[in-house]
There are 2 protein chains.
Amino acid sequence: MTAQERRTAVIRAAVTEFARGGYAGTTTAAIARRVGVSQPYLFRLFPDKRAIFLAAADHCTAEIRRAFERAGEGLEPRAAHDAMAEAYTGLTADRDKLMFQMQMYAAVYTAESDGDEEFAARIRAHWNELFEAVHLRLGADGRETADFLGTGMLINVLLALGFPADHPLWVACGHDHPGKRRYG
Amino acid sequence: MTAQERRTAVIRAAVTEFARGGYAGTTTAAIARRVGVSQPYLFRLFPDKRAIFLAAADHCTAEIRRAFERAGEGLEPRAAHDAMAEAYTGLTADRDKLMFQMQMYAAVYTAESDGDEEFAARIRAHWNELFEAVHLRLGADGRETADFLGTGMLINVLLALGFPADHPLWVACGHDHPGKRRYG
DNA sequence: CAACATAGTGATTGGTCAATAACTTTCTCG
DNA sequence: CGAGAAAGTTATTGACCAATCACTATGTTG
């Protein structure tokens, strides 16, 4: 297996592990175990743990953005809204991917608190990417965009907390079971 | 100072430290330093680190719930919505308090992943408290409640990422500066 | 085949951290 | 006063973890 293929495998494993443990709570050994390589080998593929997290953030955000772009392509705001909501619902089937997003947000405040401004800026840029992608397709309507993203963030929290599908809030999100239906 | 007073001081310090570092990323030494006691003394006041986090969660959630209750007291759904939104805006002035909330949500998935179901259940119960408090005052309208909480969660993320007050999303939330204005 | 690159491992280390144990200080009250 | 309780400390330990180092194996190519 080439180093590049391994790097991709590491990133995928990192998303899962970081989603569950957060940045500090995840060991490089756990990531290595999931990939099926020795722990020291990770440091041949990436300079350090921080770089693994950031690479996972790049990967994960790009994937979500592409999902929105594909869904909303060529549609009018109203139809784009429904299509993107549907796309997001599809993403909730992979709890790890969305939980990793939450861990990214949490990590920004941590990074800022210990002066890692570059880290913070990079995650912020990722979120802005997502924001722009949605905003554009919703006709640059700030209110609509805020509603859409707000619902998305609420879904993230419901998913984090593991609420059952019949909870009133899941129902109110029009999302009666993770992996099914749409919201909005 | 009595043990009980110290415990309260520890909880306050814990909210700040956990908000910035997350559960795993926060050391008991950091909490102790902030309180102004020695690190081992924390273990006279609480059985372990986990208990400190949970106590902070109890405290923090109760405070937010009370803010909603006070704000919405005796008002009709529409007025209650505005008053509670205003109250939440007031809370954003203390970034640590809201970031701790996010860390709580993140910690649930971690706890679930390593089988600490009691921990998960307790945080879930806290969120449900908040949900019920809001839901009731918004006339038990699921849609309204989801919108309200969704906006709240979006605000949390904007706060976590440290977006400047003139970002379109802050504006769309009707919340042009942390510590000022209302949303909704 | 020899030289070199690429992929990968095992052993180790220096630092960090939650938690324990043993001890000190200060207040209170019979 | 003196004895006990309550508040608090210093020193320490065992476990864990990111990162380094030295080494092995497996092609590949001139």
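Residues numbered from 1 in each chain as written. Chains lettered and ligands numbered in written order. Predicted model: local features only at pLDDT ≥ 70, side-chain atom pairs only at ≥ 80, totals over all residues. Heavy atoms only, no water.

Some thoughts on the protein's contact with DNA strand D
Stated precisely, the cut-off is as follows: Whether a residue is near a molecule or strand depends on its heavy atoms: it is near if one of them lies within 4 Å of it. Two N or O atoms count as a polar contact when they lie within 3.5 Å, although within protein this holds only if one can serve as hydrogen donor and the other as acceptor, and sequence-adjacent residues are included solely when both atoms are side-chain atoms. Only runs of H or I of at least four residues qualify as helices and only runs of E of at least two qualify as strands under DSSP, and these elements are numbered from the N terminus. For this scheme, ten residues count as nonpolar: Ala, Val, Leu, Ile, Met, Phe, Trp, Tyr, Cys and Pro. Four count as charged, namely Asp, Glu, Lys and Arg, and the remainder, Gly too, count as polar.
Around DNA strand D, the structure places 19 residues, and the nearest of them are T28(A), F43(A), A3(B), S38(B) and R44(B). At a separation of 3.1 Å, a phosphate oxygen of DNA strand D approaches a polar side-chain atom of Y41(B). Elements with a contribution of two residues or more to the surface near DNA strand D: α2 (28-35) and α3 (42-45) of chain A together with α1 (3-21) of chain B. In the surface near DNA strand D, the residues fall into eight nonpolar, six polar and five charged.

Quick word on the nonpolar core
The cut-off we apply is this: For the purposes of this section, nonpolar cores are sets of buried Ala, Val, Leu, Ile, Met, Phe, Trp, Tyr and Cys residues that join through side-chain atoms within 4.5 Å. Each residue is placed in one exposure class: buried if its accessible area under a 1.4 Å probe, protein chains only, is under 20% of its type's maximum, exposed if it is over 50%, and partly exposed if it falls in between. For this analysis, residues touch if any pair of their heavy atoms sits within 4.5 Å.
If you look at the biggest cluster of nonpolar residues, it comprises 128 residues, and the most contacted ones within it are F100(A), W127(A), F100(B) and W127(B). Counting residues per element, this core draws most heavily on helix α4 (residues 49-72) of chain B, which supplies twelve residues. Those residues in contact with F100(B), other than ones at most four positions away along the chain, are V15(B), F18(B), A19(B), F53(B), A56(B), A57(B) and C60(B).

Description of α1(B)
Applied cut-off: Residue count minus one, scaled by 1.5 Å, sets the expected span of a helix.
Taking 1.5 Å per residue as the helical rise, α1(B) with its 19 residues ought to reach 27 Å, and the 26 Å between its terminal C-alpha atoms agrees with that figure. The set of residues buried in α1(B) consists of V10(B), I11(B), A13(B), A14(B), V15(B), T16(B), E17(B), F18(B), A19(B) and G21(B). At its buried positions, α1(B) is contacted by α6 (95-113) of chain A together with α2 (28-35), α3 (42-45), α4 and α6 (95-113) of chain B. Remark: G22(B) follows α1(B) within two positions and exhibits a positive phi of approximately 75°.

A few points about the confidence of the model for chain A
Defined as follows: Values of pLDDT, the confidence the predictor places in each residue, fall between 0 and 100.
Chain-level pLDDT for chain A is 94 on average; 95% of the residues reach the 70-or-more range. Predicted confidence for residues 179-184 of chain A stays below pLDDT 50, and this span has 27 contacts to residues more than four positions away or in other chains.

What to know about the environment of A120(A)
Residue and element names in this part refer to chain A. Examined against the element boundaries, A120 turns out to sit in helix α7 (residues 117-137). Owing to a relative accessible area of 0%, A120 belongs among the buried residues under this scheme. Separated by ten residues in the primary sequence, A120 and T110 place their C-alpha atoms 8.7 Å from one another. Excluding residues within four positions of it along the chain, A120 makes contact with V108, A111 and E112.

Digging into the UniProt feature "domain: HTH tetR-type" (unreviewed entry) in chain A
Condition: UniProt positions are given in the numbering used here, feature names are shortened, and annotations may be inferred rather than shown by experiment.
Per the UniProt record, the feature "domain: HTH tetR-type" (unreviewed entry) sits at residues 4-64 of chain A. In this annotation, residues 4-64 of chain A is assigned 75% helix and 0% strand; the end-to-end C-alpha distance for the span is 22 Å.

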